[in-house]
Amino acid sequence: MTLTHEPIEGEHFIVVSETTGESWEIVVGLEVHCELATVTKLFCGCPNMFGDEPNTNVCPVCLGLPGSLPVLNHNVVELAIRLGRALHCTVEPSVFARKNYFYPDMPKDYQVSQFDKPINVDGWLDLPDGTRVGIERAHIEEDTGKNTHAGGSGRIHGADYSLVDYNRAGVPLVEIVGRPHIRHPEQAKTYIDELRAILLTTGASDAKMEEGSLRVDANVSVRRVGDTALGTRCEVKNLNSLRSLGRAIEYEARRQVDLLETGERIKQETRHWDEGAGRTRAGRSKEEAQDYRYFQEPDLVPLAPSAEWIAAIDAAMPPLPAARRDALASSAGVAVTETSVVIAVQRDLDQLALATIAAGGDGKRVLTHVEHNLSGDGATDLNPATFAQLVSLELGGQLTATQAKTVLAEMVTSGRAPDVIAAELGFEAMDSSELEGIVDGLIAESPDEWADFCTGDDKKRGKLQGFFTGKIMKATKGQADGKAVAALLESRRAESL
Ligand code: ZN
Ligand code: MN
């Protein structure tokens, strides 16, 4: 089975079966749990802190002791609404519900969540590739504690004993349920990247996958290309890196296609990703909502944020990644899907790029530098006026692309002006007549190569272009501008035909 990135009808991606040659489409919907970056937990005053000594951030409320009562944390609601609005959701009056099930890391034997009336509904998230992924809901719920199984494989089966840490019990979560609009493992990773950028921008979460503050479950199904009905899905859990997410989706799609092609049916179930073995394994068969015996949490009142509160959150919303990409692309005069635009926003260098363009720097050239030459620390401190000056020197032919890169690196460390640095490094503008003299000398020196360059086929000419360019660069100690050299070679060739 091969995965192909070839889009069908502009947006879908397919899997081609090696056995039958049939084309299948992967359908993925992601559920993301993210811990909110509050100071205290959801219903008590215990610190919401990762990595503390086990069972130190606990109290009767988050330990579920009899007679204790929850008090809703105002800041959880604030962050949940901010996140919901950033995902273009409608904020609705919501109700907390008890989701009943037994697990040793959950001291109350129920999880306070939201069920039929979640706080955020019906939004979307735009990916850099232009795909809009629907958001079904983003509701508030509490996290569980954490079990550690000692001995054996680290899983509960075969363990000698288990330890439980309740520091995480009652930490606030927002569960973001995405619609099944994702069509490729890479797209799933991009979705998480984009969501993480939104979580960081809004300050809702630190979104650290490695610390478990952002956890991803993937609902994966497949269907024959052209089918519109959704196939039976499996929910893959235990995906704690982007790499695992991509691999698990690919494995699961492959497994399902193989089953369906041999006439078998897909059983709806929870599956666990085993990173070491590179495969998913069946877990419990999937619970239905009725299994959880949801009912309204009697110790909490319904939540009805005022229109004024929501409006104030909207008004204070920082510019989000998609809007920042739009602004940068239109200012630079390039497509919003350009890699350089995506990278500029990812690196938080879009403000610098915009200011540099405003100071007269050529948009495309500025973005090229941001993408290729400004990945390190200190780039955000660059002065837009001097950055624009550098780009002008380069476009004016006083600096080659390679020299500009060197000067830019020096500007980042020293903050000095590009012309000063260029003069110090001996990067002088090469006189065009000087370059012409060198080229004519080389042509005279290598008449056979030159004749082949003028009349040879594309392949030969490409090879000889490299031959002449190399010699020119050597003769000029790398000072010649690559573009000027190419143009000069081409005009000499035209003359001699
Ligand atoms: Zn507590
Ligand atoms: Mn959940």
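Residue positions are counted from 1 within each chain, in the order its sequence is given. Chain labels run from A onward and ligand labels from 1 onward, assigned in the order the entries are written. Local features are withheld for residues below a pLDDT of 70 in this predicted model, meaning they are given only at 70 or higher, and side-chain atom pairs are given and counted only at 80 or more; totals for whole chains, interfaces and linings count all residues. Here the side-chain values reflect all heavy atoms present in the structure, with hydrogen atoms and water set aside.

Asks: Would you explain the coordination of the zinc ion (ligand 1) in this entry?
Replies: The reference angle at a metal is 109.5 degrees if four donors form a tetrahedron and 90 or 180 degrees if six donors form an octahedron. Only nitrogen, oxygen and sulfur atoms qualify as donors, provided they sit within 2.8 Å of the metal or within 3.2 Å for Na, K and Ca; with water excluded from the atoms, sites may seem incomplete. The protein atoms that coordinate the zinc ion (ligand 1) are Cys-44 (SG), Cys-46 (SG), Cys-59 (SG) and Cys-62 (SG), at distances of 2.3 to 2.4 Å. In these descriptions, tetrahedral denotes four donors with every angle between 85 and 135 degrees, square planar four donors and octahedral six donors with opposite donors over 155 degrees apart and the rest between 65 and 115, and irregular any other case. Coordination geometry of the zinc ion (ligand 1): the four donor atoms subtend angles of 100 to 115° at the metal centre, consistent with an arrangement described as tetrahedral. Donor residues for the zinc ion (ligand 1), ordered by position in the chain, follow C-x1-C-x12-C-x2-C. Taken together, the positions of Cys-44 in the loop between strand 3 (23-35) and helix 1 (74-86) and Cys-62 in the loop between strand 3 and helix 1 put the pair 18 residues apart, joining distant regions of the chain. Summarising the burial analysis for this pair, Cys-44 and Cys-62 share the class buried. In DSSP terms, a helix is any run of H or I states spanning at least four residues, a strand is any run of E spanning at least two, and both are numbered starting from the N terminus. Using a 1.4 Å probe on the protein chains alone, a residue whose accessible area is under 20% of its type maximum counts as buried, one over 50% counts as exposed, and one in between counts as partly exposed.

Asks: Mind showing me how you'd approach the domain arrangement of the protein here?
Replies: As a measure of interface size, the accessible area lost when the parts come together is often cited. Per the annotation, domain bounds derive from an automatic or database assignment of domains. The assigned domain composition of the protein is domain 1 (2-315), domain 2 (322-424) and domain 3 (432-496). A straight line from the C-alpha centre of domain 1 to that of domain 3 covers 59 Å.

Asks: Where do I start with the coordination of the manganese ion (ligand 2) in this structure?
Replies: Within the first shell, the manganese ion (ligand 2) binds the protein through His-33 (NE2), Glu-141 (OE) and Glu-175 (OE), at distances of 2.1 Å. Ordering the donors of the manganese ion (ligand 2) by residue number gives the pattern H-x107-E-x33-E. Here Glu-141 lies in strand 8 (residues 132-142) and His-33 lies in strand 3, a separation of 108 residues in the sequence. We classify His-33 as buried; its relative accessible area is 14%. For Glu-141, a relative accessible area of 2% puts it in the buried group.

Asks: Could you clarify how one ought to interpret the layout of surface pockets in this entry?
Replies: Summary: where empty space remains is shown by rolling a probe the size of a single water molecule over the atoms. A cavity here means a set of points on a 1 Å grid, drawn over the protein atoms and nothing else, where a 1.4 Å probe fits but cannot get out; a pocket is an open set with protein on both sides within 12 Å along at least five of seven lines, and a residue lines either one if it has an atom within 4 Å of a point. Grid points are joined across faces, edges and corners, and a volume is the space filled by probe spheres set on the points. Size it by volume and the second largest pocket reaches roughly 330 Å³. Together, 16 residues line the second largest pocket, and Asp-193, Ala-197, Pro-321, Val-345 and Gln-346 are the ones closest to its centre. Counting residues per element, the ones that place at least two in the lining of the second largest pocket are helix 2 (185-202), helix 5 (321-332) and helix 6 (339-346). At seven residues, the largest contribution of residues to the lining of the second largest pocket is made by helix 2. By the convention adopted, Pro, Cys, Tyr, Trp, Phe, Met, Ile, Leu, Val and Ala count as nonpolar, Lys, Arg, Asp and Glu as charged, and the other residues, Gly among them, as polar. When its residues are assigned to classes, the lining of the second largest pocket shows six nonpolar, three polar and seven charged. Counting residues domain by domain, the lining of the second largest pocket receives three or more from each of domain 1 (2-315) and domain 2 (322-424).

Asks: Is there a simple way to think about the packing of helix 1 against helix 2 in this case?
Replies: Axis angles are defined between N-to-C directions and span 0 to 180 degrees, where every axis is a line fitted to C-alpha atoms and, for a helix, only to the segment in contact. With their axes 10 Å apart at the nearest point, helix 1 and helix 2 run at an angle of 135° to one another. Taken together, helix 1 and helix 2 sit at an angle that is classed as oblique. The handedness of the crossing between helix 1 and helix 2 is right-handed. The segment helix 1 lies against helix 2, with Arg-82, Leu-83 and Ala-86 engaging Ile-198, Leu-199 and Thr-202. Here the residues of the contact of helix 1 with helix 2 sort into four nonpolar, one polar and one charged. When an angle is under 35 degrees it counts as roughly parallel; over 145 it counts as roughly antiparallel; between 65 and 115 it counts as roughly perpendicular; any other value is oblique. Left-handed describes a crossing whose near helix is turned anticlockwise from the far helix by less than a right angle; the clockwise case is right-handed. Contact between two residues is taken to exist if any of their heavy atoms lie within 4.5 Å; hydrogens are not considered.

Asks: I would appreciate a short explanation of the packing of aromatic side chains in the present structure.
Replies: Here the distance between the centres and the angle between the planes together describe a pair of aromatic rings. Ring pairs are drawn from Phe, Tyr and Trp, using the six-membered ring of Trp, whenever the two centres fall within 6.5 Å, and their geometry is named by plane angle: stacked under 30 degrees, edge-to-face over 60, tilted for the rest. Taken as a whole and assessed by the stated rule, the structure comprises nine aromatic pairs. Ring centres of Phe-115 and Tyr-294 lie 3.8 Å apart, and the angle between their planes is 5°; on these two criteria the pair is classed as stacked. Here the residue Phe-115 occupies a position in the loop between strand 6 (110-114) and strand 7 (120-126), and Tyr-294 occupies one in the loop between strand 15 (279-285) and strand 16 (295-296), the gap between them amounting to 179 residues. Taken together, a centroid distance of 5.1 Å and an interplanar angle of 80° make the contact between Phe-467 and Phe-468 edge-to-face. Note on Phe-467: relative accessible area 28%, which makes it partly exposed. Clustering of aromatic rings is evident, with ring pairs tying together Tyr-101, Phe-115, Tyr-292 and Tyr-294. The criterion is that NZ of a Lys, or CZ of an Arg, lies within 6 Å of the ring centre and within 35 degrees of the ring normal, and then a charge sits over that ring. Between the NZ or CZ atom of Lys-99 and the centre of the ring of Tyr-292, over which it lies, the distance is 4.5 Å.

Asks: It is not clear to me how the packing of helix 8 (residues 363-373) against helix 9 (residues 384-395) should be interpreted in this structure. Could you clarify?
Replies: A pair of packed helices can be characterised by two numbers: the angle between their axes and the separation between those axes. Where helix 8 contacts helix 9, the two axes come as close as 10 Å, and the packing angle between them is 110°. Judged by the angle between their axes, helix 8 and helix 9 are roughly perpendicular. Every residue of helix 9 that contacts helix 8 at Arg-365, Val-366 and His-369 is listed here: Phe-387, Leu-390, Val-391, Glu-394 and Leu-395. Its residues assigned to classes, the contact of helix 8 with helix 9 comprises five nonpolar, one polar and two charged.

Asks: Quick question: what am I supposed to make of the pattern of salt bridges here?
Replies: Where side chains of opposite charge bring their charged atoms close, a pairing between them can arise. Each reported salt bridge corresponds to a side-chain nitrogen of Lys or Arg within 4 Å of a carboxyl oxygen of Asp or Glu. This structure, assessed with the given rule, holds 36 salt bridges. Residue Glu-22 pairs with Arg-224 through a salt bridge whose shortest N-O separation is 2.6 Å. Here Glu-22, found in the loop between strand 2 (12-16) and strand 3, pairs with Arg-224, found in strand 12 (residues 214-224); they are 202 residues apart in sequence, far enough to count as distant. A relative accessible area of 34% means that Arg-224 is categorised as partly exposed. With a closest N to O distance of 3.7 Å, Arg-82 and Glu-78 form a salt bridge. One end of the pair, Arg-82, and the other, Glu-78, are both in helix 1, four residues apart, so they sit about a helical turn from each other. Judged by relative accessible area, which is 18%, Glu-78 ranks as buried.

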